[in-house]
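Spelled out, the chains give:
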Amino acid sequence: QYIYQRRKAQEDKAIANHHGCLPAPRLQNQRPWGVDRLEQIFRADAESRLMELFLFHFRQTGSTLEQKFLGTKAYGTIEPANLEAIMSTKFKIYLIIDRNLSTDRAGDGQQGRYVFLDAVAKSSADRAALRGQIINLLAAGRDTTACLLSWTFFLLVRHPQVLAKLREEITTVCGDSGELTRDVLKRLPYLQNVLKETLRLYPSVPVNTRTTVRTTVLPTGGGPDRKSPVLIPKGSAVAFSVYSMHRRPDLYGMDAELFRPERWDEDMPMHKDPTNAKWAYLPFHGGPRICLGMEFALAEAGYVVVRLLQRFPHIKLPQDEKVELVGVEQQVMTLVVSIKQGCRVEIR
Ligand code: HEM
């Protein structure tokens, strides 16, 4: 084991030298084993402000970081060029299902209840096929679209000018027509901007991880100038947060924290660099494992928004509802990021 570890370390060092890798800035722990980090995470989670904590970490270190946590080294990044590398094939997808797919569910209070995973498992023992089914139907297709719709209305009632402009576009293009096909939806550019901007500020999958199947290199983020490649040894986890990347002022402008659908018709800083232009906006991720339901989800969400606005001519913020800066509201984090208090609107 010792000889194997030493040989692996030597090989990794040779790869690092070959690519000119330098370490990424380390997120400093105040207490051994990163216990302080654990406390911070539990506290932020209890306050429903986990994403704010992640933003704070990246503000401390820059857009790529190294972290020692409970004895293991992990990496985090919100750099478009690194996301491009991560979403290529040198990383494997973190397996959700293997943790949950167990024939031994008796102990967790699920007896007698319909569990979709168990029902599908009766027709196939192939774990990869089961995983695909679950991701398709539940994890991938349901909560993601539901979150997009909730955040859209959450933002619309807090930005009445945007809502008015959207209503105007819908009235001009659709009138009272019953037909609402994909072609009609394509003729609603402001609606597309509203959905795009909502997914920028609240990407349904805000944080994700990949694990390296072999020792590899992130193209940037290391060394004093944070521009050198970073070595990622085989088996390491790299977390990436599109939520944080989507709020970077150097990519989206100084008003990156604001909900402003008009920005999608303007020239943004990210367009100056071809890699950033392609990899700085990733609500559906990218590369070979890009969301398979992207087109469908946008059509579905667009359809529901139009129909709700047509059906309810007066939708507004309830009088007793709190208005806070975008991103400061309490959130619930699971695989997706949702609104802790739900999306309350007044309709007439
Ligand atoms: C706004 C709605 C949606 C968002 C933001 C979204 C986002 C994503 C993201 C970020 C991934 C990549 C996950 C990863 O690589 O770990 C993904 C994967 C996937 N999505 Fe979606 N999704 C949405 C709706 C849907 C819908 C409606 C369906 C199906 C009807 C769907 C089907 C899938 C599938 C099958 C994958 C896995 C693709 C693969 O691993 O090859 N998604 N989605």
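Residues numbered from 1 in each chain as written. Predicted model: local features only at pLDDT ≥ 70, side-chain atom pairs only at ≥ 80, totals over all residues. Heavy atoms only, no water.

Peer 1: It is not clear to me how the confidence of the model for the protein should be interpreted in this structure. Could you clarify?
Peer 2: Interpreting fine coordinate detail is not advised for predicted regions of low pLDDT. Averaged over every residue, the pLDDT of the protein is 89; the share at 70 or more is 93%. No element of the protein has a lower mean pLDDT than helix α5 (residues 97-100), at 51, and none a higher one than helix α11 (residues 189-201), at 98. Under the prediction, the complex receives an ipTM of 0.98, its pTM being 0.88. (pLDDT = per-residue confidence, 0-100. Helix = DSSP H or I, 4+ residues; strand = E, 2+ residues; numbered from the N terminus.)

Peer 1: Is there a simple way to explain the pattern of salt bridges in this structure?
Peer 2: A pair can form between side chains of opposite charge whenever their charged atoms are brought close. Within this structure, the stated rule accounts for 20 salt bridges. Where Asp250 meets Arg248, a salt bridge forms, and the shortest distance between an N and an O atom there is 2.6 Å. Overall, the relative accessible area of 45% leaves Asp250 in the partly exposed class. By relative accessible area, which is 12% here, Arg248 ends up buried. The network of salt bridges with common partners includes Glu197, Arg200, Asp255, Arg260, Arg263 and Glu266. (Salt bridge = Lys/Arg side-chain N within 4 Å of Asp/Glu carboxyl O. Buried < 20%, exposed > 50% of the residue type's maximum accessible area, 1.4 Å probe, protein only.)

Peer 1: Hey, could you run me through the site of the ligand in this one?
Peer 2: Lining the immediate surroundings of the ligand are 21 residues, of which Asn136, Asn208, Arg210, Arg289 and Cys291 lie closest. Within the side chain of Asn208, an N or O atom sits 2.9 Å from an oxygen atom of the ligand. Measuring from an oxygen atom of the ligand, one finds a side-chain N or O atom of Arg289 at 2.8 Å. Breaking the shell around the ligand down by element, the ones donating at least two residues are α7 (127-139), α8 (143-158), β5 (207-212) and α15 (294-311). (Near = heavy atom within 4 Å. Polar contact = N/O pair within 3.5 Å; in protein donor to acceptor, adjacent residues only side chain to side chain.)

Peer 1: I keep staring at unusual backbone geometry and nothing clicks. Help me out?
Peer 2: When glycine is set aside, most residues are seen to have a negative phi, and most peptide bonds are trans. Unusually for a residue other than glycine, Ser48 sits at a positive phi of about 60 degrees. When you line up the elements, Ser48 lands in the loop between α2 (35-46) and α3 (50-61). Backbone geometry places Arg226, a non-glycine residue, at a positive phi of 60 degrees. Inspection of the secondary structure puts Arg226 in the loop between β6 (216-222) and β7 (228-232).

Peer 1: Is there a simple way to think about the packing of aromatic side chains in this case?
Peer 2: With the rule as written, the count across this model stands at five aromatic pairs. An angle of 80 degrees between the planes, with centres 5.2 Å apart, marks the rings of Trp151 and Phe154 as edge-to-face. With Trp151 and Phe154 both in helix α8, this residue pair falls three residues apart, about one helical turn. Taken individually, Trp151 and Phe154 each receive the classification buried, so the pair is uniform in this respect. Plain terms: the ring middles of Tyr252 and Trp264 are 6.1 Å apart, the flat faces sit at 65 degrees to each other, and that makes the pair edge-to-face. Residue Tyr252 is located in helix α13 (residues 249-252), and its partner Trp264 is located in the loop between α13 and α14 (274-279); the two are separated by twelve residues in the primary sequence. Exposure class is identical for Tyr252 and Trp264. Each is buried. The structure contains a cluster of three or more aromatic residues connected by ring pairs, namely Trp151, Phe154, Tyr202 and Tyr243. Directly above the aromatic system of Tyr252 lies the positively charged group of Arg200, at a separation of 5.0 Å from the ring centroid. Above the face of the Phe312 ring, Arg311 is positioned so that its terminal group lies 4.8 Å from the ring centre. (Phe/Tyr/Trp six-rings, centres within 6.5 Å; stacked < 30°, edge-to-face > 60°. Lys NZ or Arg CZ within 6 Å of the ring centre and 35° of its normal.)

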